[in-house]
Every structure is written in structure tokens, then in C-alpha cells.
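Residue-level listing of the chains:
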Amino acid sequence: MKVAILSGSVYGTAEEVARHAQDLLKDAGFETFYNPRASLADIQAFGPEALLAVTSTTGMGELPDNLQPLYSSIRDQLPMAWRGLPGAVIGLGDASYGDTFCGGGELMRELFAELGVREVQEMLRLDASESVTPETDAEPWLAQLISDLKG
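Not measured: the values here are computed from a predicted model.

Definitions and limits used
Residues numbered from 1 in each chain as written. Predicted model: local features only at pLDDT ≥ 70, side-chain atom pairs only at ≥ 80, totals over all residues. Heavy atoms only, no water. Helix = DSSP H or I, 4+ residues; strand = E, 2+ residues; numbered from the N terminus. Rg over C-alpha atoms; globule rule 2.2 N^0.38 Å. Contact = heavy atoms within 4.5 Å. Areas by Shrake-Rupley, 256 points an atom, 1.4 Å probe, with all protein chains shown as cover. Lys, Arg positive; Asp, Glu negative; His and termini not counted. Charge placed at Lys NZ, Arg CZ, Asp CG, Glu CD. Axes fitted to C-alpha atoms, helices over the stretch in contact; angles between N-to-C directions. Parallel < 35°, antiparallel > 145°, perpendicular 65-115°, else oblique. Left-handed = near helix turned anticlockwise from the far one by under 90°. Nonpolar A, V, L, I, M, F, W, Y, C, P; charged D, E, K, R; others polar. UniProt positions renumbered as here; feature names shortened; annotations may be inferred. Phe/Tyr/Trp six-rings, centres within 6.5 Å; stacked < 30°, edge-to-face > 60°. Buried < 20%, exposed > 50% of the residue type's maximum accessible area, 1.4 Å probe, protein only. Lys NZ or Arg CZ within 6 Å of the ring centre and 35° of its normal. Polar contact = N/O pair within 3.5 Å; in protein donor to acceptor, adjacent residues only side chain to side chain. Arc of directions from axis to C-beta.

Moving on, we come to the overall build of the protein. Across its full length, the protein holds 6 helices and 6 strands. The linear arrangement of helices and strands in the protein, starting from the amino end, is β-α-β-α-β-α-β-α-β-β-α-α. A compact globule built from 151 residues would reach a C-alpha radius of gyration of about 15 Å, and the protein, at 14 Å, matches this within 12%. Expressed as lengths along the three principal axes of its C-alpha atoms, the size of the protein is roughly 40 × 35 × 25 Å. Intrachain contacts of the protein at a sequence separation of at least 6 include 78% that bridge at least 24 residues. Accessible surface, the protein as shown: approximately 7200 Å² in total, 48% of it carbon and sulfur. Separation of charge centres in the protein, based on 10 positive and 23 negative side chains, amounts to 8 Å.

Right, here's the structure in full:
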């Protein structure tokens, strides 16, 4: 199965989590595509059979600047080929921000729902105020995702 990983990061933490996810998916036998500066055309050329979004949250619950263009392209085009694909989201944030905690992840969940992507696992929320090793903290969730995608 081919898994495309989309990411948005401000300080690089979400990219680290995405790279770690890519390594775990590859080790489990999946073909992966990950480029933090990918365009919609790049992802479509890969022909994903599943989608994983890993994003931090900025400002008042927004997506990081590096994910905005891709997010907008996907919303504008709503690729029909992605309807029905399995997908999941890892959101990074800081719970001390209250209502906007993991807001970037919530935006990706909403986009996936608009696309008709099947959420195979509830969004993982990684809290920067509690975690110093988010890539390690994501491992049990990623193991379950791998199991769900294989099943």
C-alpha cells in the first residue's frame, strides 16, 4: 500500500514526527511518499492509497505557513481519486492554548472529511507541554495505524 504523508511544521517537530512515521511505515512494508514541500501534483503523481497528515498548530489554531499552499490546493481541487481512501491525522499543539489546541490537526481532519477520506483512527493529539519526545510518543498510535492499514 502506498501512503502519502503531508506535514506542516513551524520549528521542525512535526517534520521529525512525519519522518519517524515514514520510517515505521517503510519498516512495515509500506511504500511512502514524504516531502515537506510537496505540491498537490507531486502527491497525485505518487498515487496514494492512504493519507497521513502530521501538523503543528500556529496562531489561533491555524496551519503552519509551509502547509497552507498544499491545503488550499487540495481544498480547491478536492481530488476525487482520494474519496474513500483510509487516512489519519497527528496533531501537535500545546494544551495551554485551550480551544485552539491541535487546531491545525482539526483543520486537516475537516479537509479529509470533505474529501471523503475514511478516518481509520482518531486523531492523535501530542501536547508540547507534556511531551519532549513526540516521535516516540506517537509510536503506539502509529503501530495501531499500521495494523489498521494492513487489516
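Here the narrative resumes.
Okay, the packing of helix 3 (residues 68-77) against helix 4 (residues 103-115) next. With their axes 10 Å apart at the nearest point, helix 3 and helix 4 run at an angle of 25 degrees to one another. In terms of their interaxial angle, helix 3 and helix 4 are classed as roughly parallel. Between helix 3 and helix 4 lies a crossing of left-handed hand. Residues Tyr-71, Ile-74 and Arg-75 of helix 3 pack against Leu-107, Met-108, Leu-111, Glu-114 and Leu-115 of helix 4. A breakdown of the residues in the contact of helix 3 with helix 4 according to their chemical character gives 6 nonpolar, no polar and 2 charged.

Our focus in this paragraph is the UniProt feature "domain: Flavodoxin-like" (unreviewed entry) in the protein. Under the feature "domain: Flavodoxin-like" (unreviewed entry), the UniProt entry names residues 3-146. Taken end to end, residues 3-146 is 40% helix and 21% strand, and its two terminal C-alpha atoms sit 10 Å from one another.

Aromatic ring pairs are defined here through the distance separating the ring centres and the angle between the ring planes. Summed over all chains, the structure comprises 1 aromatic pair. When the centroid spacing of 5.6 Å and the interplanar angle of 35 degrees are considered together, the rings of Phe-33 and Phe-46 count as tilted. Placement of Phe-33 in strand 2 (residues 31-34) and of Phe-46 in helix 2 (residues 40-46) is noted, with a sequence separation of 13 residues between them. Neither residue differs from the other here; Phe-33 and Phe-46 are each classed as buried. The ring of Phe-46 carries the charged tip of Lys-2 above its face, separated from the ring centre by 4.9 Å.

Attention now goes to the side chain of Thr-55. Checked against the element boundaries, Thr-55 lands in strand 3 (residues 50-55). With relative accessibility at 0%, the residue Thr-55 sits in the buried group. Only 3.5 Å separates the side chain of Thr-55 from the backbone oxygen of Gly-8, close enough to count as a polar contact. Residues contacting Thr-55, with those up to four places away along its chain left out, are Gly-8, Ala-14, Leu-63, Pro-64, Leu-67, Ile-90, Gly-91, Leu-92, Gly-104, Gly-105 and Met-108.

Taken together, the buried positions of helix 3 are occupied by Leu-70, Tyr-71 and Ile-74. Looking straight down helix 3, one finds its buried side chains confined to an arc of 100 degrees; they lie on one side. Turned more than 90 degrees away from the buried face of helix 3, the exposed residues are Pro-69 and Asp-76. Its buried side turned inward, helix 3 meets strand 1 (2-8), helix 2 and helix 4. Just past helix 3, the residue Leu-78 takes up positive phi, approximately 40 degrees.

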